[in-house]
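Chain and residue survey
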Amino acid sequence: SLIEQAKQKAAFQAVDEHVLPHHRVIGVGSGSTVVHVVTRLLQRDPALNAKTVFVPTSFQSRGLLLDGGLTVGDVEQYPDIDVTIDGADECDSDLNAIKGGGAAHLQEKIVAEAAKKFVIVADYRKDSKVLGEQWKHGVPVEVVPFAWTAVMKKLQALGSKDAKLRMAMKKAGPIVTDNGNFLIDAPFGLIHEPAKLLKDIKLITGVVEVGLFCDMAEIAYFGCEDGSVIIRT
Ligand code: DER
């Protein structure tokens, strides 16, 4: 599809330009765009990959790396990551991002922060001026399960309309993250001050992590319908 081709173009160019031969520890995000990141990594010289440790951010990304025969390590053992590449649900013009569409934003944020450089790869649907323009599912908020109704009330008090506990599709009841927590998707309309909203949500008791990545990404690659790639820094 045009969207998959756009994701692939962005992912391939980002890997080619930011995963360098001297790098030894690479963080790998979660979701569908990073599938193309791993595909490109597997096209590198096997001798280079043999000297490299890849740090996943979910069972999904761990599975991609293991299926590719790549060496997997965790951020506990490898706290100094050369570069982390990950997708996003939406970016604004300052490269603040909404993440967590794939329910993986806690480990993703930890692995992104541990990296010297954080690179976003996405298709054109994620390229916005202001957060909330295109992504209508709200800010993903990972919460301690028994606190979810208390957190929900505080999110509504912060101005979120129609916040919802994320329900599973092929499992009865709510989604449970790789970390054993629940997720609330909290819409806030257009988010003109993402850093302030991040702080306000993070301070709610029972919140584990918030799917707002502010002032973290150094560069973003957006694959376009016509096969071109827009690069924003
Ligand atoms: O859940 C996540 O944070 C993913 O990285 C998500 O933001 C991007 O997923 P996609 O590449 O499948 O759109």
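What you see is a predicted model, and the numbers here were worked out from it, not measured in a lab.

1. Quick word on the sheet that holds strand β9 (residues 164-165)
- On the basis of which strands lie adjacent, the open sheet formed by 4 strands has the order β9-β10-β8-β11 and antiparallel pairing. Lying at the two open borders of the sheet, with one neighbouring strand each, are β9 and β11 (207-210).
- As paired elements, strand β8 (residues 139-143) and β11 share 3 bridges and run antiparallel to each other. Bridged to E142 within β11 is E209.

2. Thoughts on the packing of helix α1 (residues 2-18) against helix α2 (residues 33-41)
- Between α1 and α2, the shortest axis-to-axis distance is 8 Å and the interhelical angle comes to 50°. It follows that α1 is oblique to α2 by the angle criterion. Considering the relative orientation of α1 and α2, their crossing is right-handed. Along its contact with α1, which presents E4, K7, Q8, A11, F12, V15 and D16, the element α2 presents T33, H36, V37, T39, R40 and L41.
- Among the residues making up the contact of α1 with α2, the classes are represented as 5 nonpolar, 4 polar and 4 charged.

3. Quick word on the packing of aromatic side chains
- Summed over all chains, the structure comprises 1 aromatic pair.
- Their ring planes at 35° and their centres at 6.1 Å tell us that F118 and F213 sit as a pair that is tilted. With F118 in strand β7 (residues 115-123) and F213 in strand β12 (residues 212-213), the pair connects residues that are 95 residues apart, well separated along the chain.
- According to the relative accessible area criterion, F118 is buried, its value standing at 3%.
- Look at F213 and you get buried, because its relative accessible area is 1%.
- If you follow K99 out to its NZ or CZ, it ends over the ring of F213, 5.4 Å from the centre.

4. Some thoughts on the nonpolar core
- Counting residues in hydrophobic clusters, the biggest one holds 25 residues, and the most contacted among them are V139, I201 and L212.
- Contributions of two or more residues to this core are made by β8, α6 (148-157), β10 (182-186), α7 (194-202) and β11.
- In contact with L212, other than residues within four places in its own chain, are A97, I98, K109, L131, V139, P194, L197 and L198.
- In this structure, V28, V83, I85 and I219 belong to the second largest nonpolar core, which totals 21 residues.

5. Re the environment of L65
- With respect to the helices, strands and loops of the structure, L65 is situated in helix α4 (residues 59-67).
- On a C-alpha basis, the gap between L65 and L41 in space is 9.6 Å, while along the polypeptide they are 24 residues apart.
- Setting aside its immediate chain neighbours within four residues, L65 contacts V28, V38, F54, V55, P56, L70 and V72.

6. Structural notes on the pattern of salt bridges
- Tallied over the full model, the rule gives 12 salt bridges.
- K99 serves as the salt-bridge partner of D86, at 2.9 Å between the closest nitrogen and oxygen. In this pair, D86 is assigned in strand β4 (residues 81-86) and K99 in the loop between β6 (97-98) and α5 (105-113), connecting sequence segments 13 residues apart. The residues D86 and K99 share a single accessibility class, namely buried.
- One salt bridge connects E209 with K109, and the closest N-O pair in it is separated by 2.8 Å. Here E209, found in strand β11, pairs with K109, found in helix α5; they are 100 residues apart in sequence, far enough to count as distant.
- Note on E209: relative accessible area 7%, which makes it buried.
- Salt bridges sharing common partners tie together D86, K99 and E108.

Cut-offs used in this document
Residues numbered from 1 in each chain as written. Predicted model: local features only at pLDDT ≥ 70, side-chain atom pairs only at ≥ 80, totals over all residues. Heavy atoms only, no water. Pairing = 2+ DSSP bridges. Helix = DSSP H or I, 4+ residues; strand = E, 2+ residues; numbered from the N terminus. Axes fitted to C-alpha atoms, helices over the stretch in contact; angles between N-to-C directions. Parallel < 35°, antiparallel > 145°, perpendicular 65-115°, else oblique. Left-handed = near helix turned anticlockwise from the far one by under 90°. Contact = heavy atoms within 4.5 Å. Nonpolar A, V, L, I, M, F, W, Y, C, P; charged D, E, K, R; others polar. Phe/Tyr/Trp six-rings, centres within 6.5 Å; stacked < 30°, edge-to-face > 60°. Buried < 20%, exposed > 50% of the residue type's maximum accessible area, 1.4 Å probe, protein only. Lys NZ or Arg CZ within 6 Å of the ring centre and 35° of its normal. Core = buried A, V, L, I, M, F, W, Y, C linked by side-chain atoms within 4.5 Å. Salt bridge = Lys/Arg side-chain N within 4 Å of Asp/Glu carboxyl O.

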